[in-house]
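A structural walkthrough
Here is what each chain is made of, one letter per residue.
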Amino acid sequence: MRLRNVRGSKDVIASCPFVVQEPESCRGRWAEIFGNENPIHIEVGMGKGRFIIDMAKLHPEINYIGIEKYSSVLVRAIEKQTIEQLPNLVFIRMDAEAIENVFEKDEVAYIYLNFSDPWPKDRHARRRLTSVQFLNRYVNFLAADGGLTFKTDNRPLFDFSLEQVELAGWEMVNYTFDLHHSEYAEGNVMTEYEEKFSAMGNPICRMVIKPPKKK
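These numbers were taken from a predicted model, which means no experiment stands behind them.

1. A look at the pairing of strand β1 (residues 40-44)
Within β1, five of the five residues are buried, which leaves the element mostly enclosed by the surrounding structure. Pairing of β1 with strand β2 (residues 63-68) involves five bridges; the strand directions are parallel. Looking at the pairing, H41 lines up with Y64 of β2. Each parallel crossover has a hand, and for β1 linked through helix α3 (residues 50-58) to β2 it is right-handed.

Okay, structure coming up:
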């Protein structure tokens, strides 16, 4: 997917109070950053921020961190947060491959992956956010009683992800190939892509998984 460059987006991000500029320095200190001991939920690849902003509004008792590597996309989430001024939400601009450097063991309570880049070529499979490689990264900072929710309209990516869950030793809680016509539809918070694709008639796949039990 080709993203249109937004002029000045990097400058906006660099001066934004809602963006953590040196996230690696916050590892093990996120409770201090938020000023409370509330659970921390993260969305990796948050896009324009609709989902995580809606979640932060619905759950003020939870701290949210939105992670996005594209400046031109992140700046749109900043625009929304500038209006909302939610105290329980901050952003990070970074590549998810470095995510282990940002969070300490057990520091994150929950992970959301929404409509992630499918990286369709086989040689890029390890870059998919639901690959064994990424699932192994998440284990290093996800709480033992935590979990992960993944949503996509890309069936090949979802089928791949189902296989990866088993290979990585994660526990499958539930999954569906058609979220909006399933028992799990109630209370579902949609993303921009989800609303667009579901309006086109595309079924939305969703899974909820838990990390391997630690020995």
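2. Considering the packing of aromatic side chains
Remark: the centre distance and the inter-plane angle together describe each pair of aromatic rings, the angle taken between the planes. In this structure the tally under the stated criterion is twelve aromatic pairs. Ring centres of W30 and F34 lie 6.4 Å apart, and the angle between their planes is 40°; on these two criteria the pair is classed as tilted. In this pair, W30 and F34 are both assigned in helix α2 (residues 30-34), four residues apart and thus about one turn of the helix distant. Taken as a pair, W30 and F34 share a single burial class, namely buried. Plain terms: the ring middles of Y138 and F141 are 6.3 Å apart, the flat faces sit at 75° to each other, and that makes the pair edge-to-face. Note on Y138: relative accessible area 1%, which makes it buried. Through pairs of rings, three or more aromatic residues link up here, namely W30, F34, F103, F134, Y138 and F141.

3. Things to note about unusual backbone geometry
Backbone geometry at Q85 places phi at a positive 55°, although glycine is not the residue there. A relative accessible area of 47% means that Q85 is categorised as partly exposed. One non-glycine residue, F115, adopts positive backbone phi at about 50°. For F115, the location among the structural elements is in the loop between β4 (108-114) and α5 (132-139). Given the relative accessible area of 11%, F115 is considered buried.

4. Here's the deal with α3
All buried positions along α3 are accounted for by F51, I52, I53, M55 and A56. For α3, the elements touching its buried residues are β1, β2, α4 (71-84), β3 (89-93), β4 and β5 (142-152).

5. Some points on the layout of surface pockets
Each pocket or cavity is described by its volume, and for the second largest pocket that value is around 260 Å³. Every residue lining the second largest pocket is counted, 15 residues in all, and those nearest its centre are M55, Y112, T149, G187 and R206. At the level of secondary structure, the elements contributing two or more residues to the lining of the second largest pocket comprise α3, β4 and β5.

6. As for the environment of F177
For F177, the location among the structural elements is in the loop between β6 (171-176) and α7 (192-199). In this structure, the C-alpha to C-alpha distance between F177 and R206, residues 29 residues apart in sequence, is 6.6 Å. The contact partners of F177, leaving out residues within four places of it in the chain, are R155, F158, D159, L162, P203, I204 and C205.

What counts, and at which threshold
- Sequence positions are assigned chain by chain, starting from 1 and proceeding in written order.
- Confidence filtering applies because this is a predicted model: local features only for residues at pLDDT of at least 70, side-chain atom pairs given and counted only at 80 or more, and all residues used for totals across whole chains, interfaces and linings.
- Only hydrogens and water are set aside when side-chain values are computed; all heavy atoms of the structure are taken into account.
- Throughout this description, buried means an accessible area under 20% of the type-specific maximum (1.4 Å probe, protein chains only), exposed means over 50%, and partly exposed covers the range between.
- Only DSSP runs of H or I reaching four residues or more are called helices, and only runs of E reaching two or more are called strands; each is numbered from the N terminus.
- A pair of strands is treated as paired once DSSP finds two or more bridges between them.
- When the strands point away from the viewer, a crossover counts as right-handed if the path from the first strand over the helix to the second runs clockwise.
- Only rings of Phe, Tyr and Trp enter the pairing, Trp through its six-membered ring, and a pair is recorded when the two centres are within 6.5 Å. The plane angle decides the type: under 30 degrees is stacked, over 60 is edge-to-face, the rest tilted.
- Any pair of residues with heavy atoms lying within 4.5 Å of one another is described as a contacting pair.
- Put plainly, a pocket is an open set of points on a 1 Å grid over the protein atoms alone with protein on both sides within 12 Å along at least five of seven lines, a cavity is a set where a 1.4 Å probe fits but cannot get out, and a lining residue has an atom within 4 Å of a point.
- Grid points are joined across faces, edges and corners, and a volume is the space filled by probe spheres set on the points.

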